Amino acid sequence: RKANFPESINLMPNRTFENCTQLNDLTLHEGLTEIGIFALRNMPMIKKIPSTVITIGEGAFNNCWGVDSIFIPNSCTYIGDYAFASNQARYIEFPVIYSAVEGRTILDNTSYLETIVIKSPTVLTGGSYTNIVPSWRKEAITLKVPDYLVTSYKLDSYWYEFGNIEGFSTADVKDWIISRPLTLNNSRFEGKPNIT
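Residues numbered from 1 in each chain as written. Predicted model: local features only at pLDDT ≥ 70, side-chain atom pairs only at ≥ 80, totals over all residues. Heavy atoms only, no water.

**Q** Would you take a moment to explain the sheet that holds strand β4 (residues 34-35) for this structure?
**A** Strand order in this open sheet of four strands is β2-β4-β5-β7, and the pairing throughout is parallel. Two strands bound the open sheet, and with one partner strand each, they are β2 (11-12) and β7 (78-79). (Pairing = 2+ DSSP bridges. Helix = DSSP H or I, 4+ residues; strand = E, 2+ residues; numbered from the N terminus.)

Structure, rendered in structure tokens:
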């Protein structure tokens, strides 16, 4: 079954498509800014989250299936608790703008997950209850962060438990959004990014 979310609406209300297990082709339009609580829970995962989404509500994509990779758009600043829990993705990428974790256990019960890419130019932080993935899953996941932050992540009390922490070149990152003080070790930004 197929559906198109109306272009005249910028907010997808809570539980809009929850439990629509037969809906296997849903198109979300550019201009959508908020995906509500449990809006797409228990259905096939959409192929692309619109680049205009700012808020992903609690459990919005909980128990969604059918995609190998999830790319959270650069506009997204808030991701709620269990937003991507119980999905089948092996790869998830957090955008440059996402620098502080609000939701707890965003990726709970993601037994397929192999790689998390964090593009933030500062170490991703959270509160005392933050738990991006459950502790028992950390060793099986590779964490990829900007080259100059590898040591900072390895020394962080939460992130050091991940199985492997690797750096990636920042030469291809065109725009940095810096929301907290930078920590630069023995390296610097590669390339010439725009900085906000």
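**Q** I keep staring at the sheet that holds strand β8 (residues 91-94) and nothing clicks. Help me out?
**A** Two strands in a sheet stick together by hydrogen bonds in their backbones, pointing the same way (parallel) or opposite ways (antiparallel). Ordered by their spatial adjacency, five strands build an open sheet running β6-β8-β10-β12-β13, and the pairing between neighbours is parallel. The open sheet has two edge strands, β6 (69-71) and β13 (164-168), and neither has a second partner. With direction set aside, neighbouring strand axes in the sheet form an average angle of 15°. Across three bridges, the pairing between β6 and β8 is parallel. Looking at β8, one finds that Ser 69 is bridged to Tyr 91. (Axes fitted to C-alpha atoms, helices over the stretch in contact; angles between N-to-C directions.)

**Q** What exactly am I supposed to notice about the pattern of salt bridges here?
**A** When the charged atoms of two side chains with opposite charge come close together, those side chains can pair. For the coordinates displayed, the defined rule picks out seven salt bridges. Two residues, Lys 48 and Glu 30, come together in a salt bridge whose shortest N-O distance is 3.2 Å. Of this pair, Lys 48 sits in the loop between β4 and β5 (55-56) while Glu 30 sits in the loop between β3 (25-27) and β4, placing them 18 residues apart in sequence. Among the residues examined, Lys 48 registers a relative accessible area of 54% and is labelled exposed. Given the relative accessible area of 43%, Glu 30 is considered partly exposed. Here Arg 90 makes a salt bridge to Glu 114, at a shortest N to O gap of 3.2 Å. Placement of the pair is Arg 90 in the loop between β7 and β8 and Glu 114 in the loop between β9 (100-101) and β10 (115-118), with a sequence separation of 24 residues. A relative accessible area of 40% means that Glu 114 is categorised as partly exposed. Several salt bridges converge on common partners, so that one network encompasses Arg 15, Glu 18 and Arg 41. (Salt bridge = Lys/Arg side-chain N within 4 Å of Asp/Glu carboxyl O. Buried < 20%, exposed > 50% of the residue type's maximum accessible area, 1.4 Å probe, protein only.)

**Q** Teacher, can you tell me more about the environment of Ile 178 here?
**A** Position of Ile 178 among the secondary structure elements: in the loop between β14 (175-176) and β15 (194-195). Sequence-wise, Ile 178 and Val 96 are 82 residues apart; in three dimensions their C-alpha atoms are separated by 8.5 Å.

**Q** Help me out: how do you make sense of the nonpolar core in this one?
**A** Side chains that are nonpolar tend, in soluble globular proteins, to be buried together. In terms of nonpolar packing, the biggest core is built from 57 residues, with Ile 35, Phe 61, Phe 84 and Ile 116 touching the most fellow members. Residue assignment for this core shows that the elements contributing at least two residues are β8, β10, β12 (142-146), α1 (150-155) and β13. Here this core takes three residues from β10, the largest share from any one element. (Core = buried A, V, L, I, M, F, W, Y, C linked by side-chain atoms within 4.5 Å.)

**Q** Can you help me understand the pairing of β8 in this one?
**A** For a regular strand, the rule is simple: side chains alternate between the two faces of the sheet. Here β8 pairs with β10 via four bridges, running parallel. Paired with Tyr 91 across the strands is Thr 115, a residue of β10.

**Q** I'm lost on the confidence of the model for the chain in this one. Help?
**A** Looking at the chain as a whole, the pLDDT averages 87, with 93% of positions reaching at least 70. Per-element mean pLDDT across the chain ranges from 74 in β15 up to 97 in β4. (pLDDT = per-residue confidence, 0-100.)

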